[in-house]
Amino acid sequence: MTDHRALSPAHLQAVEQIEAYGSHNYHPLPVVIESGSGAWLTDVDGNSYLDFLSAYSAVNFGHSNPALVKVAVEQLGKVSITSRAVYSATYGPFIEALAKLCGKDMVLPMNTGVEAVETSLKLARKWGYEVKGVPEDMANIIVMEGNFHGRTISVISFSDDEDATGSYGPFTPGFVKVPYGDLAAMEAAMDEHTVAILVEPIQGEAGVITPPADYLPGVRAIADRHNVLMIADEIQSGLGRTGTTFYCEQVGVIPDLYLLGKALGGGVVPVSAVVGNADILGLLKPGQHGSTFGGNPLAAAVGLAVVRLLETGEMQARSRELGAYLHGRLTGLLGHGVTEVRGIGLWAGVDIDPALGSARTICEAMLAKGVIAKDTHGSTIRMAPPLVITREELDLAVDALAECLAEARATTPELQLLH
Ligand SMILES: *Cc1c(COP(=O)(O)O)cnc(C)c1O
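Given the structure is predicted, the values throughout are model-derived calculations rather than measurements.

Analysis parameters
- Starting from 1, residues in each chain are numbered consecutively following that chain's sequence as written.
- Totals for whole chains, interfaces and linings use all residues, but because this is a predicted model, local features are given only for residues with pLDDT of at least 70 and pairs of side-chain atoms are given and counted only at 80 or more.
- Derived side-chain values reflect all non-hydrogen atoms in the structure, with water molecules and hydrogen atoms excluded from consideration.
- Numbering of helices and strands starts at the N terminus; helices are DSSP runs of H or I of at least 4 residues and strands are runs of E of at least 2.
- To get the radius of gyration, use the C-alpha atoms; to get the globule rule, take the number of residues to the power 0.38 and multiply by 2.2 Å.
- Residue burial is assigned from relative accessible area. The probe radius is 1.4 Å, only protein chains are included, and a residue is buried under 20% of its type maximum, exposed over 50%, and partly exposed in between.
- A helix's residues, less one, multiplied by 1.5 Å, set its expected span.
- Every residue pair with non-hydrogen atoms within 4.5 Å of one another is taken to be in contact.
- These domain limits were set by an automatic method or by a database of domain assignments.
- Values labelled buried area give the accessible surface lost by two parts on being combined, using a 1.4 Å probe and summing over both.
- A single heavy atom is enough: if one lies within 4 Å of a molecule or strand, its residue is considered near that molecule or strand.
- Methods summary: accessible areas were calculated by the Shrake-Rupley approach with a probe of 1.4 Å, and residue burial reflects only the protein chains presented.
- Throughout, the ten residues Ala, Val, Leu, Ile, Met, Phe, Trp, Tyr, Cys and Pro are labelled nonpolar, Asp, Glu, Lys and Arg are labelled charged, and all others, Gly among them, are labelled polar.
- Here a polar contact means two N or O atoms within 3.5 Å. Within protein one must be a hydrogen donor candidate and the other an acceptor candidate, and residues neighboring in sequence count only if both atoms are side-chain atoms.
- To get an axis, fit a line to the C-alpha atoms, keeping to the stretch in contact for a helix; angles then go from 0 to 180 degrees between the N-to-C directions.
- Each crossing gets its hand from how the near helix is turned against the far one by less than a right angle, where anticlockwise is left-handed and clockwise is right-handed.
- For salt bridges, the criterion is a side-chain nitrogen of Lys or Arg within 4 Å of an Asp or Glu carboxyl oxygen.
- Pairing between two strands requires that DSSP report at least two bridges joining them.
- Think of a nonpolar core as a cluster: buried Ala, Val, Leu, Ile, Met, Phe, Trp, Tyr and Cys residues, connected wherever their side-chain atoms sit within 4.5 Å.
- Counting rule for disulfides: a pair of cysteine sulfur atoms within 2.5 Å.

**Q** Is there a simple way to think about the overall build of the protein in this case?
**A** Check the secondary structure of the protein and you find 16 helices and 15 strands. The C-alpha atoms of the protein give 22 Å as radius of gyration, which agrees with the globular expectation for 419 residues (22 Å, within 12%). Across its three principal directions, the C-alpha atoms of the protein cover 65 × 55 × 45 Å. Counting across all 419 residues of the protein, residues that qualify as buried make up 52%.

So this is what it looks like as structure tokens:
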């Protein structure tokens, strides 16, 4: 498949420089982005691309969202970082609004998603020892096979992705892994020292694995029966991505702790949070946990603007309605190079027939047609366009995918013999 884009010296120089001086911990698509607006990104040569990744859902409300940029720029002119050594004027309104959006009492802000995860693990252990009465250092936390919760040592300690864990031991003990979607295995893994169940409502990195509707209610029931905390990592599934503020909502489940990140920063700054009730978050006393940047005035101003966007329900409705349309169109490609479509709202995991090549090859072909989508786990393309996208733009991207699949089929000799 030929790439018809004119790649300029500026593109080549940027790639060369990044490959020379940057650690090679990512394998980026061959595109050098210079600017973005709404659902579109523009490269250094002026080529436009429809963004079907949204920085892994960090940009749910579109690139350079005018409402969010305005708030950020205004706040930059006032004060951006204070540390929590003092109170700041934007912090209170942000955490009150976020707590209410979640229907909870308290917020603990951090910066990146993995910090919110780490924070929740600490909280769960503390709650286990101080409230549940688990003997010191004996707590265990139930986690799922195929999980993705971030990259710190403790969090990769319970990953089963060999790329993520190789050569990084020794690992943090205290986690028990069970298959995702298997309530019987979860029930069997519980013991008197279990303090929490950590679950992604939908497993994003694993390929947008969407569990049956009775799974999360089942997890909630097990957590209740055994007096353990249910921690929902909604860092990717939350904040409108699936058509509701939280995916848990759609299956009638209220977790004890929500973990939020990615879109909470509005695509402007990193903002994450643990949100729960005072019986858990209230256990922390000064000095017991913290972050220099967590809850800073800039992050709080942007975070509040994000909560305001979500309060109207408009983004969630877009995700629901356009998501149904997207899934309808993707389902139409089943048997035409697509073997399975998963997900809900403006979020899809699309499995590509391996006979047509890897998902990476298809993503590179889509890039050449002006669509940025990212592969995961060899044969899956994950799609997560900004929620501000239009139906016509969705058509452009799905048409591009259909063309790439047709071209791959036409250039695969074994398939030509069959047809
Ligand atoms: C991205 C992600 C994280 C980690 O967030 P970072 O900001 O990259 O640390 C954690 N959990 C889930 C479900 C995620 O998708």
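Structure's up, so let's keep going.
**Q** What's the story with helix α4 (residues 91-102) in this structure? I'm lost.
**A** Along an α-helix, residues three or four apart share an orientation, since each turn contains 3.6 residues. Along its 12 residues, α4 runs 17 Å from first to last C-alpha, staying within 8% of the 16 Å computed at 1.5 Å per residue. By the burial criterion, the buried members of α4 are Tyr 91, Phe 94, Ala 97, Leu 98, Ala 99, Leu 101 and Cys 102. Buried-residue contacts for α4 involve β4 (106-110), β9 (257-260), β10 (272-276) and α12 (297-311). Just beyond α4, the residue with positive phi is Gly 103, at close to 65°.

**Q** Please explain the domain arrangement of the protein as it appears in this structure.
**A** For interface size, the figure often reported is the accessible area lost on association. Along its sequence, the protein is organised into domain 1 (9-64 + 314-418) and domain 2 (66-311). If you average the C-alpha positions of domain 1 and of domain 2, the two centres end up 27 Å apart. Across the contact, 28 residues belong to domain 1 and 30 residues belong to domain 2. When the two sides are added together, the surface that domain 1 and domain 2 hide from each other amounts to roughly 2300 Å², 58% of it contributed by carbon and sulfur. The largest share of the area that domain 1 buries against domain 2 comes from Phe 61, Gln 316 and Trp 347, three residues that together contribute 33% of it.

**Q** Whenever I open this one, the site of the ligand confuses me. Can you help?
**A** Lining the immediate surroundings of the ligand are Thr 112, Gly 113, Val 114, Phe 148, His 149, Gly 150, Glu 200, Asp 233, Ile 235, Gln 236 and Lys 262. Protein chains bury 82% of the 380 Å² of accessible surface belonging to the ligand in isolation. Classifying every residue of the shell around the ligand gives 3 nonpolar, 5 polar and 3 charged.

**Q** Help me understand the side chain of Lys 126 in this model?
**A** When you line up the elements, Lys 126 lands in helix α5 (residues 113-132). Look at Lys 126 and you get buried, because its relative accessible area is 15%. Only 3.2 Å separates the side chain of Lys 126 from the side chain of Gln 288, close enough to count as a polar contact.

**Q** So what exactly am I meant to see when it comes to the environment of Ile 153 here?
**A** Relative to the elements of secondary structure, Ile 153 occurs in helix α6 (residues 153-156). Residue Ile 153 is classed as partly exposed on the basis of its relative accessible area, which comes to 44%. Each C-alpha atom of the pair Ile 153 and Leu 401 lies 37 Å from the other, and the pair is 248 residues apart in sequence. Beyond its immediate stretch of four places on either side in the chain, Ile 153 contacts Tyr 168, Pro 170, Phe 171 and Thr 172.

**Q** Before we go on, may I ask you to explain the packing of α4 against α12 in this structure?
**A** For any two helices packed against each other, the geometry is given by the interaxial angle and the distance between the axes. Packing of α4 against α12 leaves a shortest axis separation of 8 Å and a crossing angle of 35°. In this structure, α4 meets α12 at a crossing whose hand is left-handed. Here α4 contributes Tyr 91, Pro 93, Phe 94, Ala 97, Leu 98 and Leu 101 to the contact with α12, which in turn contributes Ala 300, Gly 303, Leu 304, Val 307, Arg 308, Leu 310 and Glu 311. Its residues assigned to classes, the contact of α4 with α12 shows 10 nonpolar, 1 polar and 2 charged.

**Q** Hey, could you run me through the pattern of salt bridges in this one?
**A** Once the charged atoms of two side chains with opposite charge are near each other, the side chains can pair. Per the counting criterion, the structure on display carries 17 salt bridges. The salt bridge involving Glu 74 is made with Lys 70; its shortest N-O contact spans 3.3 Å. A residue pair is termed a helical-turn pair when its members lie 3 or 4 positions apart in one helix, as Glu 74 and Lys 70 do in helix α3 (residues 66-76) at 4 residues. A residue is classified by how much of its surface remains accessible, and Glu 74, at 43% relative accessible area, is partly exposed. Residue Glu 96 pairs with Lys 100 through a salt bridge whose shortest N-O separation is 2.3 Å. Taken as a pair, Glu 96 and Lys 100 lie in helix α4 at a separation of 4 residues, close to a single helical turn. Judged by its relative accessible area of 44%, Glu 96 is partly exposed. Note on Lys 100: relative accessible area 59%, which makes it exposed. A single salt-bridge network, built from bridges that share partners, covers Arg 220, Asp 224 and Asp 256.

**Q** I tried to follow the sheet that holds β10 on my own but got confused; where do I start?
**A** In any sheet, the strands associate via hydrogen bonds between backbone groups, in a parallel or an antiparallel arrangement. Strand order in this open sheet of 7 strands is β4-β10-β9-β8-β7-β5-β6, and the pairing throughout is mixed. The two strands at the open ends of the sheet, each matched to only one other strand, are β4 and β6 (175-178). Here the strands of the sheet are splayed against their neighbours by 20° on average, with no regard to which way each runs. For β9 and β10, the ladder comprises 4 bridges, and the chain directions are antiparallel. Paired with Leu 257 across the strands is Gly 276, a residue of β10.

**Q** I keep staring at the nonpolar core and nothing clicks. Help me out?
**A** Inside soluble globular proteins, nonpolar side chains tend to come together where they are buried. Of all hydrophobic cores here, the largest spans 68 residues; its most connected members are Phe 52, Leu 98, Ile 381 and Leu 401. Ranked by residue count, the leading element in this core is α12, at 9 residues. Summarising the domain contributions, this core has at least three residues from each of domain 1 (9-64 + 314-418) and domain 2 (66-311). Excluding residues that lie within four positions of it along the chain, Leu 98 makes contacts with Val 107, Leu 260, Leu 264, Ala 273, Val 275 and Val 307. Judged by nonpolar contacts, the second largest core, of 28 residues, contains Leu 108, Met 110, Leu 259 and Leu 283.

**Q** Before we go on, may I ask you to explain the state of the cysteines in this structure?
**A** Two cysteines form a disulfide when their sulfur atoms are joined by a covalent bond. Tallying each qualifying case throughout the model produces 0 disulfides. Just so you know, Cys 102 is unpaired, no disulfide at all, and the nearest cysteine sulfur is the one on Cys 248, 11 Å from it. Judged by its relative accessible area of 6%, Cys 102 is buried. Not engaged in a disulfide, the cysteine Cys 404 finds its nearest cysteine sulfur in Cys 363; these two sulfurs lie 9.1 Å apart. A residue is classified by how much of its surface remains accessible, and Cys 404, at 0% relative accessible area, is buried.

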